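Here is how the chains run, residue by residue.
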Amino acid sequence: MTANVRSVVTGVGGCLPPGVVTNDDLAAFVDTNDAWIVERTGIHSRRRAAEDQATSDLAVEAARKALAQAGRSADDVDMILVATTTPDLTFPATAAIVQRKLGAPVGIAFDVQAVCSGFVYALAVADNFVVRGLARCALVIGAETMTRLMDWTDRGTCVLFGDGAGAVVLEPRAGEGTTADRGILGFALRADGAKQDLLYVDGGPSTTGTVGKLRMQGNQVFRHAVVNISEAVLAAAETAGVTMAQVDWFIPHQANQRILEGVAKRLGIDGTRVISTVAEHANTSAASIPLALATGIEDGRIRPGQLLLLEAMGGGLTWGAVVLRL
Ligand code: ACO
(Lines give C-alpha, C1' and ligand atoms only; values in the text may rest on other atoms or scores of the structure.)
Protein backbone atom coordinates (compact mmCIF):
# COMPACT_ATOMS: atom_id res chain seq x y z
CA MET A 1 0.00 0.00 0.00
CA THR A 2 1.31 3.45 -0.86
CA ALA A 3 0.86 6.49 1.34
CA ASN A 4 -1.80 7.89 -0.98
CA VAL A 5 -4.22 4.99 -1.05
CA ARG A 6 -7.83 6.15 -0.85
CA SER A 7 -11.06 4.31 -0.09
CA VAL A 8 -13.08 4.75 -3.25
CA VAL A 9 -16.84 4.22 -3.60
CA THR A 10 -17.11 1.87 -6.58
CA GLY A 11 -20.79 0.94 -6.27
CA VAL A 12 -23.96 2.25 -4.64
CA GLY A 13 -27.36 0.64 -4.14
CA GLY A 14 -30.60 1.39 -2.35
CA CYS A 15 -33.63 -0.59 -1.20
CA LEU A 16 -37.05 0.69 -0.21
CA PRO A 17 -39.73 -1.74 0.94
CA PRO A 18 -42.84 -1.50 -1.26
CA GLY A 19 -45.33 -0.49 1.44
CA VAL A 20 -46.07 3.26 1.17
CA VAL A 21 -47.58 5.03 4.20
CA THR A 22 -48.96 8.52 3.49
CA ASN A 23 -49.58 11.28 6.00
CA ASP A 24 -53.31 10.70 5.55
CA ASP A 25 -52.81 7.02 6.43
CA LEU A 26 -51.27 8.13 9.76
CA ALA A 27 -53.99 10.75 10.36
CA ALA A 28 -56.50 7.89 10.34
CA PHE A 29 -55.26 6.67 13.74
CA VAL A 30 -53.18 9.46 15.35
CA ASP A 31 -54.12 13.12 15.95
CA THR A 32 -52.20 14.72 13.09
CA ASN A 33 -52.78 15.95 9.54
CA ASP A 34 -50.99 16.17 6.19
CA ALA A 35 -50.64 19.98 6.32
CA TRP A 36 -48.87 19.96 9.73
CA ILE A 37 -46.46 17.18 8.76
CA VAL A 38 -45.59 18.75 5.40
CA GLU A 39 -45.13 22.24 6.84
CA ARG A 40 -42.99 21.18 9.83
CA THR A 41 -40.97 18.37 8.21
CA GLY A 42 -41.37 18.30 4.41
CA ILE A 43 -42.44 14.63 4.68
CA HIS A 44 -45.30 13.44 2.43
CA SER A 45 -44.91 9.68 2.79
CA ARG A 46 -42.59 6.98 4.08
CA ARG A 47 -42.02 3.27 3.45
CA ARG A 48 -42.84 0.53 5.93
CA ALA A 49 -41.29 -2.93 5.80
CA ALA A 50 -43.63 -5.91 5.64
CA GLU A 51 -43.94 -7.94 8.84
CA ASP A 52 -41.70 -10.68 7.45
CA GLN A 53 -39.04 -8.24 6.18
CA ALA A 54 -36.10 -7.80 8.54
CA THR A 55 -33.43 -5.10 8.47
CA SER A 56 -31.00 -7.65 6.98
CA ASP A 57 -33.37 -8.31 4.06
CA LEU A 58 -33.34 -4.62 3.10
CA ALA A 59 -29.57 -4.52 3.63
CA VAL A 60 -28.98 -7.53 1.37
CA GLU A 61 -31.01 -6.05 -1.49
CA ALA A 62 -29.12 -2.75 -1.29
CA ALA A 63 -25.79 -4.60 -1.04
CA ARG A 64 -26.52 -6.72 -4.13
CA LYS A 65 -27.23 -3.58 -6.17
CA ALA A 66 -24.06 -1.88 -4.91
CA LEU A 67 -21.95 -4.96 -5.71
CA ALA A 68 -23.46 -5.17 -9.22
CA GLN A 69 -22.66 -1.50 -9.86
CA ALA A 70 -19.09 -2.09 -8.65
CA GLY A 71 -18.75 -5.14 -10.91
CA ARG A 72 -18.11 -7.29 -7.83
CA SER A 73 -19.72 -10.42 -6.45
CA ALA A 74 -20.32 -11.57 -2.89
CA ASP A 75 -17.20 -13.76 -3.22
CA ASP A 76 -15.04 -10.61 -3.33
CA VAL A 77 -16.38 -9.12 -0.09
CA ASP A 78 -13.94 -9.26 2.83
CA MET A 79 -15.60 -6.77 5.18
CA ILE A 80 -19.23 -5.92 5.95
CA LEU A 81 -20.26 -3.07 8.21
CA VAL A 82 -23.93 -2.51 8.89
CA ALA A 83 -24.88 0.79 10.48
CA THR A 84 -28.19 0.11 12.20
CA THR A 85 -30.14 0.86 15.32
CA THR A 86 -32.78 -1.73 14.44
CA PRO A 87 -30.81 -5.01 14.24
CA ASP A 88 -32.60 -8.27 13.37
CA LEU A 89 -31.54 -9.72 16.73
CA THR A 90 -29.64 -8.52 19.81
CA PHE A 91 -26.88 -10.74 18.43
CA PRO A 92 -25.34 -11.84 16.11
CA ALA A 93 -24.58 -8.57 14.37
CA THR A 94 -26.85 -7.84 11.42
CA ALA A 95 -23.62 -7.62 9.38
CA ALA A 96 -22.97 -11.32 10.06
CA ILE A 97 -26.54 -12.16 9.02
CA VAL A 98 -26.04 -10.16 5.82
CA GLN A 99 -22.79 -12.04 5.20
CA ARG A 100 -24.64 -15.36 5.47
CA LYS A 101 -27.54 -14.25 3.25
CA LEU A 102 -25.17 -12.88 0.60
CA GLY A 103 -23.05 -16.04 0.76
CA ALA A 104 -19.92 -13.94 1.33
CA PRO A 105 -16.79 -15.77 2.52
CA VAL A 106 -15.29 -15.63 6.02
CA GLY A 107 -14.10 -12.08 6.68
CA ILE A 108 -14.78 -9.12 8.95
CA ALA A 109 -18.41 -8.35 9.84
CA PHE A 110 -19.80 -6.15 12.58
CA ASP A 111 -22.45 -3.51 13.24
CA VAL A 112 -21.89 0.16 13.95
CA GLN A 113 -24.33 1.78 16.37
CA ALA A 114 -24.43 5.55 16.12
CA VAL A 115 -28.15 5.85 15.33
CA CYS A 116 -28.82 8.33 12.48
CA SER A 117 -25.09 9.12 12.25
CA GLY A 118 -24.31 5.41 11.83
CA PHE A 119 -23.51 5.50 8.12
CA VAL A 120 -21.11 8.43 8.53
CA TYR A 121 -19.41 6.62 11.43
CA ALA A 122 -19.28 3.32 9.48
CA LEU A 123 -17.73 4.99 6.42
CA ALA A 124 -15.01 6.46 8.61
CA VAL A 125 -14.34 3.08 10.27
CA ALA A 126 -14.24 1.27 6.92
CA ASP A 127 -11.94 3.94 5.47
CA ASN A 128 -9.34 3.08 8.09
CA PHE A 129 -9.48 -0.64 7.25
CA VAL A 130 -9.29 -0.01 3.51
CA VAL A 131 -6.41 2.50 3.52
CA ARG A 132 -4.41 0.25 5.86
CA GLY A 133 -4.80 -2.67 3.49
CA LEU A 134 -7.00 -4.68 5.88
CA ALA A 135 -9.97 -4.78 3.51
CA ARG A 136 -9.99 -4.85 -0.29
CA CYS A 137 -13.73 -4.95 -0.91
CA ALA A 138 -15.79 -3.51 1.91
CA LEU A 139 -19.55 -3.27 2.00
CA VAL A 140 -20.75 -0.35 4.11
CA ILE A 141 -24.49 -0.51 4.62
CA GLY A 142 -27.02 1.67 6.41
CA ALA A 143 -30.18 -0.36 7.03
CA GLU A 144 -33.15 0.29 9.26
CA THR A 145 -36.66 -0.78 10.13
CA MET A 146 -37.32 2.33 12.23
CA THR A 147 -41.09 1.80 12.12
CA ARG A 148 -40.55 -1.12 14.56
CA LEU A 149 -39.40 1.40 17.22
CA MET A 150 -42.40 3.70 16.92
CA ASP A 151 -44.93 4.44 19.62
CA TRP A 152 -47.89 4.77 17.25
CA THR A 153 -49.76 6.91 19.82
CA ASP A 154 -46.99 9.58 19.87
CA ARG A 155 -47.68 12.02 17.03
CA GLY A 156 -44.43 13.86 17.78
CA THR A 157 -42.33 10.91 16.57
CA CYS A 158 -44.35 8.33 14.64
CA VAL A 159 -44.87 10.63 11.64
CA LEU A 160 -41.14 11.20 11.15
CA PHE A 161 -39.60 7.81 10.42
CA GLY A 162 -39.49 5.21 7.66
CA ASP A 163 -37.72 1.99 6.63
CA GLY A 164 -35.03 1.37 4.00
CA ALA A 165 -31.42 0.55 3.28
CA GLY A 166 -28.52 1.86 1.26
CA ALA A 167 -25.10 0.37 0.59
CA VAL A 168 -21.76 1.32 -0.89
CA VAL A 169 -18.77 -0.76 -1.95
CA LEU A 170 -15.43 0.70 -0.85
CA GLU A 171 -12.20 -0.39 -2.55
CA PRO A 172 -8.60 0.84 -2.31
CA ARG A 173 -7.26 2.89 -5.20
CA ALA A 174 -3.94 4.69 -5.52
CA GLY A 175 -4.32 8.48 -5.42
CA GLU A 176 -1.99 11.44 -5.78
CA GLY A 177 -2.61 12.73 -2.28
CA THR A 178 -4.53 15.72 -3.64
CA THR A 179 -8.17 16.81 -3.45
CA ALA A 180 -8.56 15.63 -7.06
CA ASP A 181 -8.23 12.01 -5.85
CA ARG A 182 -11.30 9.83 -5.90
CA GLY A 183 -12.27 8.44 -2.50
CA ILE A 184 -12.76 9.55 1.09
CA LEU A 185 -10.82 12.79 1.58
CA GLY A 186 -11.75 13.64 5.15
CA PHE A 187 -14.22 13.14 7.97
CA ALA A 188 -15.16 14.41 11.43
CA LEU A 189 -17.05 12.40 14.06
CA ARG A 190 -18.62 13.75 17.26
CA ALA A 191 -20.63 12.42 20.22
CA ASP A 192 -22.07 14.07 23.33
CA GLY A 193 -23.52 11.42 25.63
CA ALA A 194 -24.66 14.09 28.08
CA LYS A 195 -27.54 14.81 25.69
CA GLN A 196 -28.91 11.26 25.71
CA ASP A 197 -32.29 12.34 27.07
CA LEU A 198 -33.11 14.35 23.95
CA LEU A 199 -33.35 11.25 21.79
CA TYR A 200 -33.26 7.62 22.90
CA VAL A 201 -35.11 4.30 22.95
CA ASP A 202 -36.62 3.41 26.33
CA GLY A 203 -35.70 -0.29 26.32
CA GLY A 204 -32.77 -2.63 25.97
CA PRO A 205 -31.50 -6.11 26.91
CA SER A 206 -29.61 -5.08 30.05
CA THR A 207 -32.19 -2.67 31.47
CA THR A 208 -35.80 -3.45 30.64
CA GLY A 209 -35.33 -6.67 28.72
CA THR A 210 -37.54 -5.18 26.01
CA VAL A 211 -36.85 -3.53 22.65
CA GLY A 212 -38.44 -0.23 23.70
CA LYS A 213 -39.87 2.72 21.81
CA LEU A 214 -38.23 5.84 20.41
CA ARG A 215 -38.54 8.97 22.59
CA MET A 216 -37.52 12.40 21.40
CA GLN A 217 -37.66 16.04 22.44
CA GLY A 218 -37.89 17.07 18.81
CA ASN A 219 -37.57 20.82 19.22
CA GLN A 220 -34.46 20.42 21.43
CA VAL A 221 -32.83 18.07 18.89
CA PHE A 222 -33.68 20.58 16.18
CA ARG A 223 -31.94 23.40 18.11
CA HIS A 224 -28.71 21.41 18.42
CA ALA A 225 -28.76 20.04 14.90
CA VAL A 226 -28.01 23.04 12.71
CA VAL A 227 -25.14 24.45 14.80
CA ASN A 228 -23.46 21.13 15.62
CA ILE A 229 -23.68 19.67 12.13
CA SER A 230 -22.21 22.79 10.57
CA GLU A 231 -19.17 22.67 12.88
CA ALA A 232 -18.48 19.00 11.99
CA VAL A 233 -18.92 19.69 8.28
CA LEU A 234 -16.36 22.49 8.36
CA ALA A 235 -13.94 20.29 10.34
CA ALA A 236 -14.28 17.47 7.79
CA ALA A 237 -13.81 19.93 4.92
CA GLU A 238 -10.67 21.34 6.55
CA THR A 239 -9.20 17.84 6.93
CA ALA A 240 -10.03 17.14 3.31
CA GLY A 241 -8.61 20.48 2.17
CA VAL A 242 -11.76 21.59 0.35
CA THR A 243 -14.15 24.53 0.63
CA MET A 244 -17.93 24.57 0.57
CA ALA A 245 -17.78 26.30 -2.83
CA GLN A 246 -16.10 23.20 -4.30
CA VAL A 247 -18.82 20.79 -3.11
CA ASP A 248 -20.88 19.47 -6.01
CA TRP A 249 -23.53 17.73 -3.92
CA PHE A 250 -24.57 18.10 -0.30
CA ILE A 251 -26.16 14.82 0.83
CA PRO A 252 -27.44 15.33 4.37
CA HIS A 253 -29.14 12.90 6.70
CA GLN A 254 -32.81 13.19 5.78
CA ALA A 255 -34.44 14.02 9.13
CA ASN A 256 -36.38 17.14 8.34
CA GLN A 257 -36.45 19.48 5.32
CA ARG A 258 -36.11 22.50 7.62
CA ILE A 259 -32.91 21.14 9.29
CA LEU A 260 -31.49 20.22 5.91
CA GLU A 261 -32.13 23.72 4.52
CA GLY A 262 -30.90 25.38 7.73
CA VAL A 263 -27.56 23.56 7.56
CA ALA A 264 -27.17 24.23 3.82
CA LYS A 265 -27.88 27.93 4.35
CA ARG A 266 -25.41 28.21 7.24
CA LEU A 267 -22.75 26.57 5.06
CA GLY A 268 -23.53 28.79 2.05
CA ILE A 269 -24.66 25.85 -0.10
CA ASP A 270 -27.58 26.76 -2.36
CA GLY A 271 -30.58 24.47 -2.77
CA THR A 272 -29.62 23.38 -6.29
CA ARG A 273 -26.69 21.43 -4.79
CA VAL A 274 -28.72 19.62 -2.11
CA ILE A 275 -30.06 16.07 -2.49
CA SER A 276 -33.34 15.82 -0.58
CA THR A 277 -35.37 12.62 -0.38
CA VAL A 278 -37.12 13.35 2.92
CA ALA A 279 -40.46 14.00 1.16
CA GLU A 280 -40.83 10.36 0.13
CA HIS A 281 -38.40 8.46 2.39
CA ALA A 282 -38.86 10.36 5.71
CA ASN A 283 -36.14 9.71 8.29
CA THR A 284 -34.65 6.26 7.69
CA SER A 285 -31.90 6.87 10.26
CA ALA A 286 -28.58 5.28 9.19
CA ALA A 287 -30.05 4.36 5.79
CA SER A 288 -30.96 7.88 4.75
CA ILE A 289 -27.61 9.08 3.37
CA PRO A 290 -26.78 6.01 1.22
CA LEU A 291 -30.40 5.93 0.03
CA ALA A 292 -30.19 9.60 -0.98
CA LEU A 293 -26.85 8.91 -2.67
CA ALA A 294 -28.35 5.97 -4.58
CA THR A 295 -31.32 8.12 -5.61
CA GLY A 296 -29.09 10.94 -6.90
CA ILE A 297 -26.93 8.50 -8.89
CA GLU A 298 -29.95 6.66 -10.33
CA ASP A 299 -31.59 9.86 -11.56
CA GLY A 300 -28.30 11.04 -13.11
CA ARG A 301 -27.66 14.09 -10.93
CA ILE A 302 -24.65 12.65 -9.08
CA ARG A 303 -21.80 11.60 -11.38
CA PRO A 304 -18.36 10.02 -10.95
CA GLY A 305 -15.64 12.53 -10.11
CA GLN A 306 -17.95 14.89 -8.22
CA LEU A 307 -17.19 16.13 -4.70
CA LEU A 308 -19.77 14.97 -2.16
CA LEU A 309 -20.43 16.22 1.35
CA LEU A 310 -22.32 13.85 3.67
CA GLU A 311 -23.48 14.73 7.19
CA ALA A 312 -25.74 13.37 9.89
CA MET A 313 -26.91 13.84 13.44
CA GLY A 314 -28.75 11.38 15.64
CA GLY A 315 -29.26 9.75 19.03
CA GLY A 316 -26.33 9.83 21.42
CA LEU A 317 -26.24 12.60 20.54
CA THR A 318 -23.88 11.71 17.71
CA TRP A 319 -23.05 13.67 14.60
CA GLY A 320 -20.44 13.85 11.89
CA ALA A 321 -19.53 14.50 8.28
CA VAL A 322 -17.60 12.86 5.44
CA VAL A 323 -16.11 14.52 2.34
CA LEU A 324 -15.50 12.20 -0.61
CA ARG A 325 -14.96 12.36 -4.34
CA LEU A 326 -17.05 9.78 -6.20
N1 ACO B 1 -49.25 16.58 14.16
C2 ACO B 1 -49.82 17.67 14.66
N3 ACO B 1 -49.31 18.35 15.70
C4 ACO B 1 -48.16 17.90 16.24
C5 ACO B 1 -47.51 16.77 15.75
C6 ACO B 1 -48.10 16.10 14.66
N7 ACO B 1 -47.54 15.01 14.11
N8 ACO B 1 -46.39 16.57 16.46
C9 ACO B 1 -46.34 17.54 17.39
N10 ACO B 1 -47.41 18.35 17.26
C11 ACO B 1 -47.75 19.52 18.04
C12 ACO B 1 -47.15 19.51 19.43
O13 ACO B 1 -47.95 18.73 20.30
C14 ACO B 1 -47.14 20.95 19.78
O15 ACO B 1 -48.44 21.33 20.18
P16 ACO B 1 -48.69 22.36 21.39
O17 ACO B 1 -48.06 23.64 20.93
O18 ACO B 1 -50.19 22.41 21.50
O19 ACO B 1 -48.00 21.77 22.57
C20 ACO B 1 -46.85 21.66 18.46
O21 ACO B 1 -47.17 20.69 17.44
C22 ACO B 1 -45.41 22.11 18.31
O23 ACO B 1 -44.53 21.03 18.69
P24 ACO B 1 -42.97 21.15 18.52
O25 ACO B 1 -42.36 19.84 18.94
O26 ACO B 1 -42.45 22.39 19.17
O27 ACO B 1 -42.88 21.31 16.91
P28 ACO B 1 -41.63 21.56 16.01
O29 ACO B 1 -41.87 22.70 15.10
O30 ACO B 1 -40.35 21.55 16.78
O31 ACO B 1 -41.64 20.27 15.06
C32 ACO B 1 -40.47 18.16 14.87
C33 ACO B 1 -41.52 18.98 15.64
C34 ACO B 1 -40.96 17.99 13.46
C35 ACO B 1 -40.30 16.83 15.56
C36 ACO B 1 -39.12 18.92 14.84
O37 ACO B 1 -38.82 19.40 16.12
C38 ACO B 1 -37.99 18.07 14.36
O39 ACO B 1 -37.93 17.66 13.22
N40 ACO B 1 -36.99 17.84 15.23
C41 ACO B 1 -35.77 17.13 14.88
C42 ACO B 1 -35.98 15.69 14.69
C43 ACO B 1 -34.66 15.09 14.31
O44 ACO B 1 -33.97 15.60 13.46
N45 ACO B 1 -34.23 14.06 14.99
C46 ACO B 1 -32.86 13.64 14.81
C47 ACO B 1 -32.68 12.50 14.03
S48 ACO B 1 -33.61 11.15 14.62
C49 ACO B 1 -32.52 9.93 15.17
O50 ACO B 1 -31.37 10.15 15.40
C51 ACO B 1 -33.09 8.58 15.46
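Parameters and conventions
Residues numbered from 1 in each chain as written. Predicted model: local features only at pLDDT ≥ 70, side-chain atom pairs only at ≥ 80, totals over all residues. Heavy atoms only, no water. Core = buried A, V, L, I, M, F, W, Y, C linked by side-chain atoms within 4.5 Å. Buried < 20%, exposed > 50% of the residue type's maximum accessible area, 1.4 Å probe, protein only. Helix = DSSP H or I, 4+ residues; strand = E, 2+ residues; numbered from the N terminus. Contact = heavy atoms within 4.5 Å. Near = heavy atom within 4 Å. Polar contact = N/O pair within 3.5 Å; in protein donor to acceptor, adjacent residues only side chain to side chain. Areas by Shrake-Rupley, 256 points an atom, 1.4 Å probe, with all protein chains shown as cover. Nonpolar A, V, L, I, M, F, W, Y, C, P; charged D, E, K, R; others polar. Domains from an automatic or database assignment. Salt bridge = Lys/Arg side-chain N within 4 Å of Asp/Glu carboxyl O.

Caption draft 1: The arrangement of the nonpolar core in detail. In this structure, Met 244, Phe 250, Leu 267, Ile 269, Leu 309 and Val 323 are the most contacted members of the largest nonpolar core, which totals 47 residues. Of all elements in the fold, only β8 (183-191), α7 (218-240), α8 (257-267), β12 (307-314) and β13 (318-325) reach the threshold of two or more residues within this core. Sorting elements by how many residues they give to this core places α7 first, with 10 residues. The residues touching Ile 269, leaving out its near neighbours within four places in the chain, are Met 244, Phe 250, Ala 264, Val 274 and Leu 309. Counting residues in each nonpolar core, the second largest holds 36 residues, with Val 12, Ala 138, Val 168 and Ala 312 among its members.

Caption draft 2: Quick look at the site of the ligand. The ligand sits among 26 residues. The nearest are Thr 32, Arg 40, Cys 116, Arg 155 and Asn 256. Contacts to the ligand include Arg 40, whose side-chain N or O atom sits 2.6 Å from an oxygen atom. Within the complex, the protein chains bury 74% of what would otherwise be the 1,000 Å² of accessible surface of the ligand. With four residues, the top contributor of residues to the shell around the ligand is α7. For the shell around the ligand, the per-class residue count stands at 13 nonpolar, nine polar and four charged. When residues of the shell around the ligand are assigned to domains, at least three map to each of domain 1 (5-174) and domain 2 (183-325).

Caption draft 3: Broad picture of the domain arrangement of the protein chain. Taken domain by domain, the protein chain comprises domain 1 (5-174) and domain 2 (183-325). Taking only C-alpha atoms into account, the centre of domain 1 sits 14 Å from that of domain 2. Counting from both sides, the interface comprises 54 residues of domain 1 and, opposite them, 48 residues of domain 2. If you look at where domain 1 meets domain 2, you find one salt bridge. A salt bridge links Arg 215 to Asp 151; the nearest nitrogen and oxygen atoms lie 2.9 Å apart. At the junction of domain 1 and domain 2, the tally comes to 16 residue pairs in polar contact (both at pLDDT 80 or more). Along the lines of polarity and charge, the residues of the side of domain 1 that touches domain 2 split into 25 nonpolar, 20 polar and nine charged.

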